[in-house]
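Tertiary structure, described
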Amino acid sequence: MRVILGGTFNPPHYGHITPALYAADLLGVEHVDLMPCKLAPHKSVSVSETHRVNMIHRCCDTHSRLRAELIELSLPSPSYTVKTLRALNSKHDDTICFLIGADSLYNLDKWYEWESLLNYCHLIVMRRDSETFSPPPAIAKWLRRNAIQDIERLHQRKSGHVLLLNTPLKTISSTQLRNEIASENADTLDHAAPDTIESWVPRNVIEYINDNQLYSE
Ligand code: ATP
């Protein structure tokens with residue numbers, strides 16, 4: 001079984017890493033594969049693909065259970081998760097558990113061929129403990145058909161299930177981090193409980209951001 005978290009990772013942070021490792025623990029899987037997505041050319045991205053990949057490699061240096069899965073970057077554009085999952089299935093025999101945050105679940109019905117996703121993987125939703133869970137009606141209906149509660153069932157079928165997991169609360173996003181760094185306020189993040197940027201981003205990633213002056217404008 002492979003546990004994969006796709007994302008922009010611009011930059012990667014503990015809101016990605018901590019819940020993903022927690023999910024992998026519950027699934028009994030050693031590694032989490034961080035899979036950077038290819039961004040549509042029209043999307044304004046503040047850093048290059050190379051920088052995003054380098055930051056992922058830094059996360060993997062710090063946390064030996066993390067690995068980089070770069071398949072999507074080599075696929076033809078435009079990229080869609082469903083196409084990437086198909087490509088992963090042709091490359092590996094393992095069952096794929098694809099992780100998404102609850103915020104992504106709420107928009108899932110906007111994803112290309114979203115109802116085919118479960119042909120290629122199980123979806124694991126990283127829900128935050130303290131948040132109320134209120135997906136839109138189309139997603140709620142889909143969950144009633146596909147959600148399971150018993151983790152063991154993920155090991156019995158290669159694809160087709162959705163598991164909602166309560167994962168450790170991480171109230172951070174890459175957008176917040178980029179804004180904080182751009183406003184040269186990198187010491188303190190604006191949370192209910194003020195926190196240092198070091199608690200949200202691995203130290204060697206912060207060094208990389210500083211060395212390459214990312215997000216400073
Ligand atoms: P941005 O702020 O740029 O949109 P992001 O912080 O949401 O970025 P992404 O790389 O877009 O990060 O997210 C990758 C995946 O991780 C998505 O499925 C997203 O829902 C999930 N995720 C992001 N932040 C968190 C968090 N704090 N807790 C749980 N899941 C998260």
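Residues numbered from 1 in each chain as written. Predicted model: local features only at pLDDT ≥ 70, side-chain atom pairs only at ≥ 80, totals over all residues. Heavy atoms only, no water.

On to the packing of helix α2 (residues 49–62) against helix α8 (residues 203–211). Packing of α2 against α8 leaves a shortest axis separation of 8 Å and a crossing angle of 150 degrees. Classified by the angle between their axes, α2 and α8 sit roughly antiparallel to one another. At the point where α2 passes α8, the crossing takes the right-handed sense. Each of T50, H51, N54, M55, R58, C59, D61 and T62 in α2 lies in contact with α8, whose residues at this interface are N204, V205, E207, Y208 and I209. Broken down by class, the residue content of the contact of α2 with α8 amounts to 5 nonpolar, 5 polar and 3 charged. (Axes fitted to C-alpha atoms, helices over the stretch in contact; angles between N-to-C directions. Helix = DSSP H or I, 4+ residues; strand = E, 2+ residues; numbered from the N terminus. Parallel < 35°, antiparallel > 145°, perpendicular 65-115°, else oblique. Left-handed = near helix turned anticlockwise from the far one by under 90°. Contact = heavy atoms within 4.5 Å. Nonpolar A, V, L, I, M, F, W, Y, C, P; charged D, E, K, R; others polar.)

Okay, the pattern of salt bridges next. Scanning the entire structure with this criterion turns up 9 salt bridges. The partner of E198 in a salt bridge is R203, and the shortest N-O contact between them spans 3.6 Å. Of the residues examined, E198 reaches a relative accessible area of 37% and is grouped as partly exposed. Each of the salt bridges in this network shares a partner with another, and the network as a whole consists of R2, D33, R67, E69 and K91. (Salt bridge = Lys/Arg side-chain N within 4 Å of Asp/Glu carboxyl O. Buried < 20%, exposed > 50% of the residue type's maximum accessible area, 1.4 Å probe, protein only.)

Let us now look at the environment of L70. Counting through the fold element by element, L70 comes out in the loop between β3 (66–68) and α3 (81–91). Looking at L70, the relative accessible area reads 31%, which means it is partly exposed. Taking the C-alpha atoms as reference, L70 lies 6.5 Å from P36; in sequence the two are 34 residues apart. Not counting chain neighbours up to four residues away, the residues in contact with L70 comprise P36, V53 and H57.

Time to look at unusual backbone geometry. Of the consecutive residues N10 and P11, the connecting peptide bond is found in the cis state with omega at 0 degrees. Omega for the peptide link from S77 to P78 comes to -5 degrees, which places this bond in the cis form. Within the fold, P78 resides in the loop between β3 and α3. Its identity as a non-glycine residue notwithstanding, Q213 has a phi of 50 degrees, on the positive side. Here Q213 falls in the exposed class, since its relative accessible area comes to 62%. The residue Y215 is not glycine, and still its phi comes out positive at about 65 degrees. Along the polypeptide, Y215 turns up in the segment after α8.

In short, shape yes, function no, at least from these values alone.
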